Amino acid sequence: MSSSELADRVHVSVRHLERLFKSHFEMTPSAYYMKMRLQAARRLLYQSGGDIAVIASRCGFKSGAHFSRTYSRHYGIGPSRDRQRKWRQTERPAGSAY
């Protein structure tokens, strides 16, 4: 849903919607939406062995390449490496030192 569609739905102007998002979330509606999509993608990466391109598509990204670039910019690590890092962390026995 675009910012204008959301603004229409809640009966405010786009500019007022943007001000509300800035004051409550410290980001624009589109940045907030992107953050939500990336969080959903990260959950899927961590919880499944699913193909990254499929996860990207499920989270609304047009291509795996665009998803990977956006994910890397946001989290500072690519989705494949992030998944591997997370799985390595969960495979360690509790209390083991590495």
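In this convention, every chain numbers its residues from 1, walking through the sequence in written order. Only residues with pLDDT of at least 70 get local features here, since the model is predicted, and only at 80 or more are side-chain atom pairs given and counted; chain-wide, interface and lining totals rely on the full set of residues. Each side-chain value is worked out from all heavy atoms of the structure, with water and hydrogens disregarded.

(A) Spatial organisation of the pattern of salt bridges. The rule for a salt bridge is simple: a side-chain nitrogen of Lys or Arg has to be within 4 Å of a carboxyl oxygen of Asp or Glu. Applying the stated criterion across every chain, the model contains three salt bridges. Residue R15 is joined to E18 by a salt bridge in which the shortest nitrogen-to-oxygen separation is 3.8 Å. Of this pair, R15 and E18 both sit in helix 2 (residues 14–25), three residues apart, which is roughly one turn of that helix. For E18, a relative accessible area of 28% gives the class partly exposed. Note that R42 is salt-bridged to D82, the shortest N-O span being 2.9 Å. One end of the pair, R42, is in helix 3 (residues 29–47); the other, D82, is in helix 6 (residues 79–91), with 40 residues separating them in the sequence. A 1.4 Å probe rolled over the protein chains alone gives each residue an accessible area, and that area as a share of the maximum for its type sets the label: buried under 20%, exposed over 50%, partly exposed in between. R42 sits in the partly exposed class, given a relative accessible area of 21%. Residue class for D82 comes out buried when judged on its relative accessible area of 0%. One network of salt bridges, with partners in common, ties together R42, D82 and R85. Here a helix means four or more residues in a row that DSSP labels H or I, a strand means two or more in a row labelled E, and each is numbered from the N terminus.

(B) How the structure looks around helix 2. To estimate the expected span of a helix, count its residues, drop one, and scale the result by 1.5 Å. Compared with the 16 Å implied by 1.5 Å per residue over twelve residues, the 16 Å span of helix 2 between its first and last C-alpha is a close match. Two residues or fewer past helix 2, E26 is found with a positive phi of approximately 60 degrees.

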